[in-house]
Amino acid sequence: MDLFFVASEATMLWTATRLILLVAFILLLHCLRLVITRLYFSPIAKFPGPRLAAISYWYEGYYDLLSQGGGQFAFQLKRLHGIYGPIVRISPDELHIDDPDYYSEIFCNSHPSRPIDKTDLFKYRLNIAESIVSTVSAEDHRLRRAAVAPFFSKARTRGYNVELQRIADRISHRLSTEYSGTGRVVHVTHMWSSFTGDMIRKLAFGLPITFCDAPGFVSPFPAAMASFIHLAHYSTHFRFLGSIIESVPDSILLFLLPAARGIIEYRQVMLYHDQFSFKISNLIQELRRQIKVILASHKSDEHKASDHPTIFHEILASGLLPPKDLSFDRLTQEAMLLNGAGIETTSWSLTIATFYILSNPSIENRLKEELMSAVPNPAEILPWGALEQLPYLSAIVNEGTLVRDEPNLVAHMQSSHFRPALRLSFGSVQRLPRVNRLATWVYKDYEIPPNTPVSMDAYHTHTDERIFPDPLEFRPERWLGDPMGPDGIHPLSHYLVSFSRGARGCLGMDLAVMEVYVGLATIFRRHNMRLFETTRADVDFAIDLVKPVPKRGSKGVRVTIT
């Protein structure tokens, strides 16, 4: 009997071993087939690039998550172009192009005969898969964008100037009464995040100004938005993380994913709303609460009595979206997008500008002279339209725009190529894949098959030495005197792409530009500041976390008010 059981166990063990070997062999054959197919039979097999990138998406994953602590793929792309040329295969199915003159071909308008899609790759990177920015299909994107676009038109944006100036005045008052001459240190990014955060909060939810009143300008809401970017690469490569973050206890989440520390800390702080403070479990819970309030007011027609409808009232009243796009969950994701985009990139642009102005006395003096001449009474800051006419301030805003006496200024500002933005703040540094679903793109001698993701990015364009000599130097003067690009045809501003371009260009571009103009004009006209223990290493792009991030361990740009 014992021998029977021993024989049976041996047979079962051998059977299990053979099964494991068979599964391993099948997996090996599958991987081998995948490698051969991707290397030799892929529609983009002819394009140059590293073989590892052609074989596996984990080539990118290594630079996103592991190399030097992660966030290094943008720099690796730069190196790849140095080796392989202007077009490189960077994954099994994606090409990247480094040629600023081709940017408008990829980031073009979309229409039924030429639908321009996104890819699934970045759909889940910020856990807002159904928001406008993450929408894959051109048709869905066109509808969702149309429902929001009127709220961000340039004419409507000018109407927000008074509210924006009110927020800037609140910040300025605090600098004068709490910080001036005291030696107290102001964290510049926190200050500008409260500025942009209060503005988007007002437009999105109709809420009162509170962030700029927070101690040290550290408001939990903007802080939580900033923390989400630290998870972007993890969410891109591990799509299931979004739901885990919302459900796993803090201690376990921190053990499994140290990058989630910012969100965990946010769960334990107070969020200020109106004149009350209350604890919430996380950022999403607060946004859901606000969406519920707006949905309830829309159903009861309360919003019709308001002179200041919010972005979400606009969406609900547009009549453009199907019921599925008006669902509670999707609107919550849209709220996440609007708050993140409305706070993060613009506050960083203002931070970059503040640092470079203060680090160069000649730039600071010239700006102050222009502002004192144009704004004799510092209590009465000019509206955005008038500030745009100040040549040197505009040069700084773009690290520039064109001077005010350029003959075709108005037409140029209305053109699709006019994209005022701080060149060195980049906007998003992560590449932006686009998919020409039906047609072939032609780049030099290459035909790019339909349905192939092709990406470009602001980092490569803004640091092209051919267009911007000494590209990493902050030189506002490069924008004065009607500057042209190297081809002598396009104005230099044609190569500013912080807000992207085409059908999926940034909806909030005009609002962001107005915030930069009003913020810089108010603070530099009224206050004298000095950098405090801050160097260029605190602003130089070192880590790609969707937006540019400086070196690890940086304490940020800090100033004292003299």
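Residues numbered from 1 in each chain as written. Predicted model: local features only at pLDDT ≥ 70, side-chain atom pairs only at ≥ 80, totals over all residues. Heavy atoms only, no water.

Caption draft 1: Representation of the side chain of arginine 558. Along the polypeptide, arginine 558 turns up in strand β14 (residues 558–561). Judged by its relative accessible area of 14%, arginine 558 falls in the buried class. In terms of polar contacts, arginine 558 uses its side chain to reach the backbone carbonyl oxygen of glutamate 533, at 3.3 Å. (Helix = DSSP H or I, 4+ residues; strand = E, 2+ residues; numbered from the N terminus. Buried < 20%, exposed > 50% of the residue type's maximum accessible area, 1.4 Å probe, protein only. Polar contact = N/O pair within 3.5 Å; in protein donor to acceptor, adjacent residues only side chain to side chain.)

Caption draft 2: Region of interest: the packing of aromatic side chains. The final tally for this structure, using the stated rule, is 21 aromatic pairs. Their ring planes at 25° and their centres at 4.8 Å tell us that phenylalanine 47 and tyrosine 446 sit as a pair that is stacked. Residue phenylalanine 47 is found in the loop between α1 (2–41) and α2 (51–55), and its partner tyrosine 446 is found in strand β9 (residues 446–448); the two are separated by 399 residues along the sequence. Classification of phenylalanine 47 by relative accessible area gives buried; the value is 5%. Judged by relative accessible area, which is 26%, tyrosine 446 ranks as partly exposed. (Phe/Tyr/Trp six-rings, centres within 6.5 Å; stacked < 30°, edge-to-face > 60°.)

Caption draft 3: Layout of the sheet that holds strand β11 (residues 529–531). Across the sheet, which stays open at both edges, the 3 strands sit in the order β4-β14-β11 with antiparallel pairing between neighbours. Pairing within the sheet leaves two strands with one partner each, and these edge strands are β4 (185–187) and β11. Taking each pair of neighbouring strands and ignoring which way they run, the sheet shows an average axis angle of 40°. Pairing analysis gives 3 bridges linking β11 to β14, with the strands arranged antiparallel. (Pairing = 2+ DSSP bridges. Axes fitted to C-alpha atoms, helices over the stretch in contact; angles between N-to-C directions.)

Caption draft 4: How the structure looks around a nonpolar patch on the surface. Taken together, the side chains of Leu19, Leu22, Val23, Phe25, Ile26, Leu27, Leu28, Leu29, Leu32, Ile36, Tyr40 and Phe41 make up a nonpolar region of the molecular surface, amounting to roughly 1200 Å² of accessible area. Here valine 23 shows up in helix α1. (Patch = residues over 30% accessible without salt bridge, like charges linked within 9 Å, V, L, I, M, F, W, Y side chains within 5 Å. Areas by Shrake-Rupley, 256 points an atom, 1.4 Å probe, with all protein chains shown as cover. Salt bridge = Lys/Arg side-chain N within 4 Å of Asp/Glu carboxyl O.)

Caption draft 5: Looking closely at the pairing of β14. On β14, burial covers both faces: Arg558 and Thr560 on one face and Val559 and Ile561 on the other are all buried. Judged from the 3 bridges that link them, β4 and β14 form a sheet pairing that is antiparallel. Counted as the bridge partner of valine 185 is threonine 560 from β14.

Caption draft 6: Region of interest: the packing of helix α3 (residues 58–65) against helix α4 (residues 73–84). Remark: α3 packs on α4, axes separated minimally by 8 Å, with the N-to-C direction vectors making an angle of 125°. Our classification of the angle between α3 and α4 gives oblique. Every residue of α4 that contacts α3 at Tyr59, Glu60, Tyr63 and Asp64 is listed here: Phe73, Gln76, Arg79 and Leu80. Split by residue class, the contact of α3 with α4 holds 4 nonpolar, 1 polar and 3 charged. (Parallel < 35°, antiparallel > 145°, perpendicular 65-115°, else oblique. Contact = heavy atoms within 4.5 Å. Nonpolar A, V, L, I, M, F, W, Y, C, P; charged D, E, K, R; others polar.)

Caption draft 7: Looking closely at the pattern of salt bridges. According to the stated counting rule, one finds 27 salt bridges in the structure shown. Of the charged contacts in the structure, one is a salt bridge between arginine 174 and glutamate 178, with a shortest N-O distance of 3.0 Å. Of this pair, arginine 174 and glutamate 178 both sit in helix α8 (residues 161–179), 4 residues apart, which is roughly one turn of the helix. On the basis of relative accessibility, which here comes to 29%, the residue glutamate 178 falls in the partly exposed class. Its salt-bridge partner being arginine 475, residue aspartate 470 comes within 3.4 Å of it at the nearest N-O pair. Looking at aspartate 470, the relative accessible area reads 49%, which means it is partly exposed. Taken together, the shared-partner salt bridges in this structure form one network comprising Lys123, Glu130, Arg144, Lys324, Asp325, Arg330 and Glu334.

Caption draft 8: Spatial organisation of the nonpolar core. The biggest cluster of nonpolar side chains holds 83 residues, and the ones touching the most others in it are Leu175, Phe205, Ile311, Phe312, Leu393 and Leu520. Element by element, the count of residues in this core is highest for helix α17 (residues 328–359), at 14 residues. Leave out the neighbours within four places in its chain, and isoleucine 311 touches Val148, Phe151, Phe152, Ile200, Leu203, Ala204 and Leu338. Counting 19 residues, the second-largest nonpolar core is a separate cluster that includes Ile44, Leu95, Ile97 and Cys108. (Core = buried A, V, L, I, M, F, W, Y, C linked by side-chain atoms within 4.5 Å.)

Caption draft 9: The arrangement of the pairing of strand β10 (residues 453–456) in detail. Of the two faces of β10, the one carrying Pro453 and Ser455 and the one carrying Val454 and Met456 are both buried. Taken together, the 2 bridges between strand β2 (residues 95–97) and β10 define a ladder with parallel strand orientation. Looking across to β10, one finds that leucine 95 is bridged to valine 454. Bridge count for strand β7 (residues 432–436) against β10 is 4 bridges, and the pairing is antiparallel. The partner of arginine 434 across the bridge, within β10, is valine 454.

Caption draft 10: How the structure looks around the UniProt feature "transmembrane region" (unreviewed entry) in the protein. Residues given the UniProt feature "transmembrane region" (unreviewed entry) here are residues 20–41. Across residues 20–41, helical content stands at 100% and strand content at 0%; the span's end C-alpha atoms are separated by 30 Å. (UniProt positions renumbered as here; feature names shortened; annotations may be inferred.)

Caption draft 11: Expanded view of α8. With 19 residues, α8 should cover 27 Å at 1.5 Å per step; its first-to-last C-alpha distance of 26 Å lies within 8% of that length. Packed against the buried residues of α8 are α7 (154–158), β4, α9 (188–205), α19 (384–387), α23 (509–526) and β14. One or two steps after α8, the chain reaches glycine 181, where phi turns positive at roughly 75°. (Expected span 1.5 Å × (residues − 1).)

Caption draft 12: Representation of the environment of histidine 96. Note on placement: histidine 96 falls in strand β2. Residues histidine 96 and leucine 77, spaced 19 residues apart in sequence, show a C-alpha to C-alpha distance of 8.1 Å. The residues touching histidine 96, leaving out its near neighbours within four places in the chain, are Leu77, His81, Pro86, Ile87, Val88, Ile90, Arg431, Ser455, Met456, Asp457 and His460. Within the structure, the side chain of histidine 96 is placed 2.7 Å from the side chain of histidine 81, a separation counted as a polar contact.

Caption draft 13: Geometry of the sheet that holds β10. Spatial ordering of the open sheet is given by β1-β2-β10-β7-β3, a layout of 5 strands whose pairing is mixed. A single partner strand is all that each edge strand has here, and the edge strands are β1 (87–89) and β3 (116–117). Contacting β1 and β2, α4 crosses the sheet at an angle of about 115° to β1.

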